[in-house]
Amino acid sequence: MYKSKAFAATSPTSVLSGMEIPRRDSLPDDVQIKILFCGVCHSDLHTVRDEWHAMMPTIYPCVPGHEIVGRVTQVGSNVSKFKVGDIVGVGCMVDCDSKCPTCQEGFEQFSPDTTFTYNSPDKYETAPVTYGGYSDSIVVNQRAVLRVPAHLDLAAAAPLLCAGITTYSPLKRNHISVGKKVGIVGLGGLGHMGVKIARAMGAHVVVFTTSPSKIEDAIRLGAHEVILSNDANQLAAHAGSFDMILDTVSAAHDLNMYLDLLRRGGNMTLVGVPEHQTPINAFSLIYGNKTLSGSMIGGFAETQEMLDFCGQHSITADVEVIAIQQINEAYDRMLQSQVKYRFSIDMASLEAN
Ligand code: NAP
Ligand code: ZN
């Protein structure tokens, strides 16, 4: 066991502050990584503030962070795919059993034996739960280690590990390609990745935003059209026209008005996980044989496929690089929808702590 520097919350109402945490010494299948950058996902904030208590209560101290890019510093004796010095990524999972049918089919995120990057029971008992990427170092099973295309900027590539895969996976599942019309609801971390990826897949992309200040950016990021979600006339003009709508919003909001915009047989996929529930009007789904689905990150192979896709298309997040000491202020800005469009923490800043 060794000590790693980290930033942690100690209760749902505490700010995050510096703390030393234990990390296990590398086992034969482990890769030890010096963390260079870690993206700031809204799920970090939901977890730190215990907003998902009913589904997954937060155990404190909580060290969030699951958009990790770093350099390999040690490999176990069974590791042949990675060597010291390699630049790698780790997303929302750090281990899985790999033998169950769910893992075999590439859906590790749904295996009961998968260990998530933070707030997940630590099967090695280094600590009660796993500690995530707001830290200078991490040790993960080699199955969870991904290759980051070498030419991508590392601070901007980190958010691909969650925001990238969470939007890529449902767009791919819905066969988004040239000729499809896709709506992206919410232009935050996930939303802006959804815009870039859907555009690269060839779709006609429409952004729905509550923020007039993001209209120009949405076009720059790749949207063909932008709609202010409180403008009833603009919404009505698009009624019944979308093949797919990807909803990335982090707070409760009206879903029915978006279902009404789907064409016959269209799909709306929810990836945002608001703290509070939202009512669905059955008529909005029934009229037009529409489907409403959810999607949760992606398996390891699909995450690598997404990284390779982003490498080919030179897609990264638009990031504002921050020091870890700015994290509490960053959370406040995220709650006000004022992130353009992902914070990425430069972990070198932890050395000052
Ligand atoms: P984010 O950067 O904070 O973006 C959320 C966006 O939602 C905001 O920028 C804002 O966009 C919009 N929004 C916020 N409050 C709203 C409200 N009250 N009404 C309407 N729109 C509102 O968050 P994120 O990191 O992209 O994460 C988004 C959600 O996805 C979170 O709930 C997160 O936990 C979840 N998530 C899910 C998965 C998964 O596997 N399913 C993975 C990662 C994250 P505008 O300013 O454009 O309106
Ligand atoms: Zn995330």
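Residues numbered from 1 in each chain as written. Chains lettered and ligands numbered in written order. Predicted model: local features only at pLDDT ≥ 70, side-chain atom pairs only at ≥ 80, totals over all residues. Heavy atoms only, no water.

(A) Region of the structure containing the site of ligand 1. What surrounds ligand 1 is a group of 29 residues, the closest being Thr209, Thr210, Ser211, Lys214 and Arg342. Here Thr209 contributes a side-chain N or O atom positioned 2.6 Å from an oxygen atom of ligand 1. Here an oxygen atom of ligand 1 and a side-chain polar atom of Arg342 are 2.6 Å apart. The fraction of the free accessible surface of ligand 1 (930 Å²) that becomes covered by protein chains is 89%. Within the residue set of the shell around ligand 1, elements represented by two or more residues are helix 1 (42–48) and helix 5 (189–200). Of all the elements, helix 1 adds the most residues to the shell around ligand 1, at 3 residues. Along the lines of polarity and charge, the residues of the shell around ligand 1 split into 12 nonpolar, 15 polar and 2 charged. Here the shell around ligand 1 spans two domains, since at least three of its residues come from each of domain 1 (2–162 + 316–352) and domain 2 (164–294). (Near = heavy atom within 4 Å. Polar contact = N/O pair within 3.5 Å; in protein donor to acceptor, adjacent residues only side chain to side chain. Areas by Shrake-Rupley, 256 points an atom, 1.4 Å probe, with all protein chains shown as cover. Helix = DSSP H or I, 4+ residues; strand = E, 2+ residues; numbered from the N terminus. Nonpolar A, V, L, I, M, F, W, Y, C, P; charged D, E, K, R; others polar. Domains from an automatic or database assignment.)

(B) Layout of the packing of helix 4 (residues 163–173) against helix 10 (residues 300–312). Packing of helix 4 against helix 10 brings their axes to within 10 Å, and their N-to-C directions diverge by 95°. By the criterion of interaxial angle, the relationship of helix 4 to helix 10 is roughly perpendicular. Counting all contacts with helix 4, which are made through Gly164, Ile165, Tyr168, Ser169 and Lys172, the residues of helix 10 involved are Glu302, Thr303, Glu305, Met306 and Phe309. (Axes fitted to C-alpha atoms, helices over the stretch in contact; angles between N-to-C directions. Parallel < 35°, antiparallel > 145°, perpendicular 65-115°, else oblique. Contact = heavy atoms within 4.5 Å.)

(C) Summary view of the packing of helix 4 against helix 5. Where helix 4 meets helix 5, the axes come as close as 8 Å, and the angle between the chain directions of the two elements is 50°. Here helix 4 lies oblique to helix 5, going by the angle between them. As helix 4 packs across helix 5, the resulting crossing turns out to be right-handed. Mapping the contact onto sequence places Ala163, Gly164, Thr166, Thr167, Tyr168 and Leu171 in helix 4 and Gly189, Leu190, Met193, Gly194, Ile197 and Ala198 in helix 5. Considered class by class, the residues forming the contact of helix 4 with helix 5 number 7 nonpolar, 5 polar and no charged. (Left-handed = near helix turned anticlockwise from the far one by under 90°.)

(D) The arrangement of the environment of Val94 in detail. Relative to the helices and strands, Val94 resides in strand 6 (residues 93–95). By relative accessible area, Val94 is classed as buried at 8%. Separated by 231 residues in the primary sequence, Val94 and Gln325 place their C-alpha atoms 25 Å from one another. Not counting the four nearest positions on each side in its chain, Val94 is found in contact with Thr115, Phe116, Thr117, Thr130, Ile138, Val140, Asn141 and Ala144. (Buried < 20%, exposed > 50% of the residue type's maximum accessible area, 1.4 Å probe, protein only.)

(E) Up close: the coordination of the zinc ion (ligand 2). Protein coordination at the zinc ion (ligand 2): the donors are Cys41 (SG), His66 (NE2) and Cys162 (SG), at 2.0 to 2.3 Å from the metal. Mapped onto the polypeptide sequence, the residues donating to the zinc ion (ligand 2) form the spacing pattern C-x24-H-x95-C. A residue pair is termed long-range when its members are at least 10 positions apart, and Cys41 in the loop between strand 3 (30–39) and helix 1 and His66 in the loop between helix 1 and strand 4 (68–75) qualify at 25 residues. There is no split in this pair, since Cys41 and His66 are both buried. (Donors = N, O, S within 2.8 Å, 3.2 Å for Na, K, Ca; no water.)

(F) Representation of helix 5 within the structure. Counted at 1.5 Å a residue, the expected span for helix 5 with its 12 residues is 16 Å, and the 17 Å between its end C-alpha atoms agrees. A large share of helix 5 lies buried, amounting to 10 of its 12 residues. Here helix 5 has its buried residues at Gly189, Leu190, Gly191, His192, Met193, Gly194, Val195, Lys196, Ile197 and Ala198. Where helix 5 is buried, its residues contact helix 4, strand 10 (181–185), strand 11 (204–209), helix 6 (215–221), helix 10 and strand 17 (342–346). Looking one or two residues past helix 5, Gly202 carries a phi angle of roughly 105°, positive in sign. (Expected span 1.5 Å × (residues − 1).)

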